[in-house]
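Each chain, letter by letter, is given below.
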Amino acid sequence: MRQRLSSEPDRYRGRRRVPTPPRSRYAAVVTTAFVGAGIVAIGAGALPDAKSVSPSVLDELKAASTINQDAAARADADDRASRDSDRAGADESAEPEAWLLPLQGYEFKSPYGMRWGKMHTGVDLVAPEGTPYVAIHSGTVTKAGWFGGYGYTVIVQHADGAEAIYGHSSALSVKEGQQVKAGDQLGLVGNTGHSYGPHLHLEVHVKGEPRDPVPWLKKHGVDIQLQVEAYYSEVAAP
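Here the structure is a predicted model, which means the values were calculated and not measured.

Draft legend 1. Summary view of the nonpolar core. In terms of nonpolar packing, the biggest core is built from 29 residues, with L103, Y133, V154, Y166, L186, L217 and I224 touching the most fellow members. Here this core gets four residues from one element, more than from any other, and that element is strand 11 (residues 199–206). If we skip the residues at most four places from it in the chain, V154 touches Y133, V141, K143, A164, I165, Y166, L172, V174 and L186.

In structure tokens form, the structure reads like this:
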């Protein structure tokens, strides 16, 4: 055998590697291609005498080709089903948590901060008495009843431990221990407790301490001053 000289051109240089078919269909594809090539060669007279080929051999070749084509088709169907299942699972797991405005058509009054020489630890949303208000986020109702100066109040604790307090209600629509989702009605706007007129008093507590609801809700895609909600947002760090 002649040894190739280093000066000879490298016939394999620059060639790209042919992609490998998926494992689940590799054997079926290769076998089908091989059998198909054999049938084409026989039909084209590539063999010395096509008539000398046993009919049973031709039948076996055709049967093998059909079986392998069926196997490839089944592998394709299985792959598609697997991809659809994975995509559906990913969509379900990626479903975002909703954050919403507590009610619609209100007037933003009395922001978080000092008011009349005292700390006002929430925001007041003025609306006609009897206007329904809803949960801004999912959670568990830990309070539904009279709550001192807050009047009739609903408190909802969210999964991260933060609490939303809805005060001065004229009526309540939930009970303690009830699970609620964002958008579920909690009660009706009222004027109970230490109130200057019909409005919803909204507070947010994180680790037991009050937070300004305006920037806190903005982190979750809700602008309570401009009455804009993003309908959903990922849970932000407290």
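Draft legend 2. Representation of the layout of surface pockets within the structure. Size it by volume and the largest pocket reaches roughly 350 Å³. The wall of the largest pocket is formed by 15 residues, among which R115, M119, H120, H194 and H201 lie closest to the centre. Going through the elements one at a time, strand 3 (118–120) and strand 11 are the ones with two or more residues in the lining of the largest pocket. Residues belonging to the lining of the largest pocket are distributed by class as follows: four nonpolar, seven polar and four charged.

Draft legend 3. Molecular detail of the environment of R115. Following the sequence through the fold, R115 ends up in strand 2 (residues 113–115). Not counting residues up to four positions away in its chain, the partners in contact with R115 are S110, H120, D124 and Y196. A polar contact of 3.2 Å, which involves the side chain of R115, links it to the side chain of D124.

Draft legend 4. Expanded view of the packing of aromatic side chains. For the structure shown, the criterion picks out four aromatic pairs. Relative to W216, the ring of W99 has its centre 5.5 Å away and its plane inclined at 75°; by these criteria the two rings are edge-to-face. Placement of W99 in the loop between helix 2 (55–93) and strand 1 (107–109) and of W216 in helix 3 (residues 213–218) is noted, with a sequence separation of 117 residues between them. There is no split in this pair, since W99 and W216 are both buried. With a centroid separation of 5.6 Å and 15° between ring planes, the pair formed by Y133 and Y166 is classed as stacked. You can see Y133 sitting in strand 5 (residues 132–134) and its partner Y166 sitting in strand 8 (residues 163–172), a full 33 residues away along the chain.

Parameters and conventions
- Residues numbered from 1 in each chain as written.
- Predicted model: local features only at pLDDT ≥ 70, side-chain atom pairs only at ≥ 80, totals over all residues.
- Heavy atoms only, no water.
- Core = buried A, V, L, I, M, F, W, Y, C linked by side-chain atoms within 4.5 Å.
- Buried < 20%, exposed > 50% of the residue type's maximum accessible area, 1.4 Å probe, protein only.
- Helix = DSSP H or I, 4+ residues; strand = E, 2+ residues; numbered from the N terminus.
- Contact = heavy atoms within 4.5 Å.
- 1 Å grid on protein atoms, 1.4 Å probe; cavity = no way out; pocket = protein on both sides within 12 Å on 5 of 7 lines; lining within 4 Å.
- Points joined across faces, edges and corners; volume = space filled by probe spheres on them.
- Nonpolar A, V, L, I, M, F, W, Y, C, P; charged D, E, K, R; others polar.
- Polar contact = N/O pair within 3.5 Å; in protein donor to acceptor, adjacent residues only side chain to side chain.
- Phe/Tyr/Trp six-rings, centres within 6.5 Å; stacked < 30°, edge-to-face > 60°.

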